[in-house]
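Below, each chain spelled out in residue letters.
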Amino acid sequence: MNDRMLEFRLHGRGGQGIVVAAAIFAEAVFLGGSYARAFSLFGAERRGAPVTAFIRVSSDRLMPRSRIYQPDYVVVCDPTLTGVDLAAGLKDEGTLLINARKPLEERFSWLDQLNPGVKIYALDATDIAWKHDLAIGSFPMVNTVMLGAMARLSGLADRKYLEESIRKRVSSKIEANLAASGEGYELVKEVDRLAVRS
Amino acid sequence: MMAFEVINGSQAAAIAVQRAGIDLVAAYPITPQTVIVETLADFAAKGELGGEFVSLESEYSALSFCNGASAAGARVFTATASHGLAYMHEMIHWCSGARFPIVMANVNRAIGAPWCLDPDQGDSLSQRDTGWLQIYCSGAQEVFDTILQAFALSEELLLPCMVVFDGFYISHTYEAVDIPEIQDVGKFIGPPSFGAQVIPGEPGNLHGMASAENQQRLVRSRHEAMLRAPALYEEINGRYERLFGRKYGAIDAVMPPGARTAILTAGATAETVRWCLPDLEQTGLIQLRMFRPFPAKQLCAVLETYDIEKVLVVDRNCSIGAGGIFAQELKSALYGLARPPAVHDLILAGGVDLTGALIKNALSKMPLENRSTELWGVE
């Protein structure tokens, strides 16, 4: 088995572009010279329903074709998700990226339960999406913001390839999406575990 | 000239159809096949399909329409899944009886009741006795390549061909796929030359009443044509490899030195097994690609050459009352072997996910004194 393989799990809601985000990230990784796959958990997809997408990255084209149970990265695109075990299987030394206001609200009390080795990063992607007028109706599209942050934290996707793929796969407001993605890259910050809700 | 694109398995299927110089696509969308139809419709809307795109009101009509076009000598494609395939059933028989070399993609999805979207193979396997060639793919690249090869195979044998792959694990997985330019594909497969059964201005009656004896002759000729498929497929893959550098067999075996156990499976699960092999002891993989005709000779040759003691079959399907279908077919193929291996069956009916942990667990439950066990992925 390939020890160099890295696995991501993304949580969001139908309509937020989570599946597209996974495909963009995979493409950006591939353009940078590694192999990547993106896929989604299939349900009766509808706007607002919880959606899970996965990304695998490896130096080898051969990868397992199974779901991801022990991700290296968990990316929570929607802070209001409930009833989903967001940190399930996250590796002890894994990384958690959440879209959240700071200081983190009461709903994130579960972060205290995580292994001390887990690094937690946060950014207010919803605010950035609103600022760039990235919404469908009342539904903020945070996918490109989160992509910027994912690229920064993982170092797996070069910004120029991320931009190339966003240009190819995002159908409207491309410049706004690129700007939002850049802000995600710049503004993501590590959360101090000791002061998590202070 | 080739270029990698990051696309999903459904898009790979649609692009292959477009590259193949298609005359007509008639289809009806159904999850998880929808993206194939969408992508082909998109090509048609941009004037890039190169043939007609026809949207029908049901799968039954879609395949009927394909049958008509194929009778006129056209290169024809359709795609479906699950309940859509079941709904086509009568026309599936008719198509092969009439010797229409239609290529169909079927994206595996469990059949209800109840509703389930996971990739149980029971939909395509329930069509195993309809006279269609069936080839199972383990990834998007294989889907692309196999669809092109299926047209060549199908038109040469005058038998329809079903190219099968798992819903979600392949149909919705984005990955890098090497896509040859359309002019290079043209060197592999030229315009269809199998001839028309219907000729304008020459009225006639097709496929009228036959006596039992004549029907038997026709069934036998189809059977004999299909048995030519593995050898012809090898030849087609030889040509494909010279042009594009990739080739596949009726089965693809990976046997590490000293392998005593083989894992036999078809579809996406084969790639998970392939990835796991370095972590397993004395274990190899036999990827079953061609299911109809069943490559019994090739399978027995591999099992005998490597003196395999045990086979673990991973069946993402179950013939209720008989067990996993690939295991059943394998056991039948072993008849007459001097030292047939034990056959254990991991049944992942419903489309249960195959993980490395599940493979290891199953391998640990196959003591040598047992000749045959049934294991289930979920207790």
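Structure first, text after, so check above.
All values derive from a computational prediction rather than experimental measurement.

**Student:** Hey, could you go over the sheet that holds strand β5 (residues 103–108) of chain B for me, with residue numbers and the actual values?
**Tutor:** All names here are of chain B. The strand order β3-β2-β4-β5-β7-β6-β12 describes an open sheet built from 7 strands, whose pairing is mixed. What marks the edges here is a single partner per strand, and that holds for β3 (52–55) and β12 (290–292). Strand-to-strand twist across the sheet, computed as the mean angle between neighbouring axes with direction ignored, equals 20°.

**Student:** Any details on the nonpolar core? Residues and values, ideally.
**Tutor:** Generally speaking, nonpolar side chains in soluble globular proteins are found buried as a group. All names here are of chain B. Counting residues in hydrophobic clusters, the biggest one holds 63 residues, and the most contacted among them are Ile36, Leu40, Phe77, Phe144, Ile147, Leu153 and Phe165. Aside from chain neighbours lying at most four places away, what touches isoleucine 36 is Ser10, Ala13, Ala14, Phe77, Ala79, Ala105, Val107 and Phe165. Judged by nonpolar contacts, the second largest core, of 50 residues, contains Ile251, Leu264, Cys300 and Val302.

**Student:** I'd like to hear about the pairing of strand β10 (residues 261–265) of chain B, residue by residue, with values.
**Tutor:** Residue and element names in this part refer to chain B. Counted residue by residue, β10 has 5 buried out of 5 residues, so it is predominantly covered. Burial of β10 is two-sided: the residues Thr261, Ile263 and Thr265 facing one way and the residues Ala262 and Leu264 facing the other way are all buried. The sheet contact formed by β10 and strand β11 (residues 283–288) spans 5 bridges and is parallel. From the neighbouring strand, alanine 262 faces β11, where its bridge partner is glycine 284. With respect to chirality, the unit in which β10 leads through helix α10 (residues 268–276) into the neighbouring parallel β11 is right-handed.

**Student:** Can you tell me about the sheet that holds β11(B), naming the residues and giving the values?
**Tutor:** Residue and element names in this part refer to chain B. The strand order across the open sheet formed by 6 strands is β9-β11-β10-β13-β14-β15, and the pairing between neighbours is mixed. Two strands close off the open sheet at either side, each with one partner strand: β9 (251–254) and β15 (374–376). Recorded for the sheet is a direction-independent mean angle of 20° between the axes of neighbouring strands. Across 6 bridges, strand β13 (residues 310–315) lies against strand β14 (residues 342–347) in parallel orientation. When the sheet's bridge partners are listed, valine 313 is paired in β14 with aspartate 345.

**Student:** Help me get a handle on the environment of Ala87(A), residues and values and all.
**Tutor:** Residues and elements named next belong to chain A. The residue alanine 87 is located in the loop between β4 (73–76) and β5 (95–99) in this model. The buried category is assigned to alanine 87, whose relative accessible area is 14%. When the C-alpha atoms of alanine 87 and leucine 114 are compared, they prove to be 7.9 Å apart, with 27 residues separating the residues in sequence. Setting aside its immediate chain neighbours within four residues, alanine 87 contacts Arg9, Trp110 and Leu114.

Conventions we followed
- Throughout this description, residue numbers start from 1 for each chain and increase along the sequence as written.
- Here the convention is simple: chains get letters from A, ligands get numbers from 1, in the order in which they are written.
- Reporting of local features is limited, given that this is a predicted model, to residues whose pLDDT is at least 70; pairs of side-chain atoms are given and counted only at 80 or more, and all residues count toward the totals for whole chains, interfaces and linings.
- Remark: hydrogens and water are excluded; side-chain values derive from all non-hydrogen atoms of the structure.
- Criterion used throughout: strands pair if DSSP finds at least two bridges between them.
- What counts as a helix is a DSSP run of H or I of at least four residues, what counts as a strand is a run of E of at least two, and both are numbered from the N terminus.
- Helix axes are fitted to C-alpha atoms over the stretch in contact, other axes to C-alpha atoms as well, and angles between N-to-C directions run from 0 to 180 degrees.
- Buried Ala, Val, Leu, Ile, Met, Phe, Trp, Tyr and Cys residues form a nonpolar core when they are joined through side-chain atoms within 4.5 Å.
- Each residue is placed in one exposure class: buried if its accessible area under a 1.4 Å probe, protein chains only, is under 20% of its type's maximum, exposed if it is over 50%, and partly exposed if it falls in between.
- Whether two residues touch is decided by their heavy atoms; if any such pair falls within 4.5 Å, the residues are in contact.
- Here the term right-handed applies to a crossover when the path leading from its first strand over the helix to its second strand runs clockwise, the strands being oriented away from the viewer.

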